[in-house]
Amino acid sequence: VFACRSIGNSHGQTFFSIKMRITYFGEIADITGKTTEELMIKGETLHEVISYLSSTYNLTSNDFYVAINHKLVAMDKDIHLNENDEVALLSPFAGG
């Protein structure tokens, strides 16, 4: 994550927008056509990242795993992202 800034709206509410780098691996890199992406996300949660991926690349939470700071995380929890967090998307693992 590179930067965090406060943004207000017409209702007097303040929310944060963070600029972050996401790293893509395996089939996810093939789908997105890139291995890294810098983006500005409204809010500071994993939910906003997943919403972006869904609308931009037509990915669902079943298409990938997420690691934050080198640890797999459950996507059903609304995880707060902080400055300097490393976010990575990994293809589902195959057994064998």
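Refer to the structure presented above.
Here the structure is a predicted model, which means the values were calculated and not measured.

Cut-off values and rules
- Residues numbered from 1 in each chain as written.
- Predicted model: local features only at pLDDT ≥ 70, side-chain atom pairs only at ≥ 80, totals over all residues.
- Heavy atoms only, no water.
- Helix = DSSP H or I, 4+ residues; strand = E, 2+ residues; numbered from the N terminus.
- Buried < 20%, exposed > 50% of the residue type's maximum accessible area, 1.4 Å probe, protein only.
- Contact = heavy atoms within 4.5 Å.
- Salt bridge = Lys/Arg side-chain N within 4 Å of Asp/Glu carboxyl O.
- Expected span 1.5 Å × (residues − 1).
- Arc of directions from axis to C-beta.
- Polar contact = N/O pair within 3.5 Å; in protein donor to acceptor, adjacent residues only side chain to side chain.

Enquirer: Please set out the overall build of the chain residue by residue, giving values where relevant.
Expert: A count of helical and extended segments in the chain gives two helices and six strands. Its helices and strands in sequence order give the chain the pattern β-β-α-β-α-β-β-β, from N to C terminus. Across the 96 residues in the chain, those meeting the buried criterion constitute 32%. For the chain, the proportion of contacts with a sequence separation of at least 24, taken over those separated by at least 6, is 46%.

Enquirer: How would you explain unusual backbone geometry if you had to name every residue and give the values?
Expert: Look at Asn-58: it is not a glycine, yet its phi comes out positive at around 60°. Within the fold, Asn-58 resides in the loop between helix 2 (46-57) and strand 4 (65-68). Positive phi is not limited to glycine here, since Asn-69 has a value of about 55°. When you line up the elements, Asn-69 lands in the loop between strand 4 and strand 5 (71-73). According to the relative accessible area criterion, Asn-69 is partly exposed, its value standing at 33%.

Enquirer: Tell me what's going on with the pattern of salt bridges, and back it up with residues and numbers.
Expert: Where charged atoms from two side chains of opposite charge approach closely, those side chains can pair. This model, assessed by the stated rule, comprises three salt bridges. One salt bridge in this structure joins Lys-19 and Glu-38, with 4.0 Å as the shortest N-O distance. With Lys-19 in strand 2 (residues 14-24) and Glu-38 in strand 3 (residues 36-42), the pair connects residues that are 19 residues apart, well separated along the chain. Ionic pairing is found between Glu-38 and Arg-21, a salt bridge with its closest N-O pair at 3.0 Å.

Enquirer: Tell me what's going on with the environment of Ser-51, and back it up with residues and numbers.
Expert: Looking at the element boundaries, Ser-51 is found in helix 2. Residues Ser-51 and Ile-41, spaced ten residues apart in sequence, show a C-alpha to C-alpha distance of 9.7 Å.

Enquirer: Could you give me a rundown of helix 2, with the residues and numbers involved?
Expert: What sets the pattern is the α-helix's 3.6 residues per turn: residues three or four places apart point alike. Its twelve residues give helix 2 an end-to-end C-alpha distance of 16 Å, which sits within 8% of 16 Å, the value for a rise of 1.5 Å per residue. When helix 2 is considered as a whole, its buried residues turn out to be Leu-46, Val-49, Ile-50, Leu-53 and Tyr-57. Buried residues of helix 2, viewed axially, fall in a sector of 95°; they line one side. Asn-58 lies just past helix 2 and shows a positive phi near 60°.

Enquirer: Can you explain the side chain of Glu-37? Please cite residues and give values.
Expert: Summarising the element assignment, Glu-37 is placed in strand 3. Here Glu-37 falls in the buried class, since its relative accessible area comes to 9%. In terms of polar contacts, Glu-37 uses its side chain to reach the side chain of Tyr-24, at 2.5 Å. A polar atom in the side chain of Glu-37 sits 3.0 Å from the side chain of Tyr-57. The contact partners of Glu-37, leaving out residues within four places of it in the chain, are Met-20, Arg-21, Ile-22, Tyr-24, Tyr-52 and Tyr-57.

Any link to function would need more than the numbers given here.
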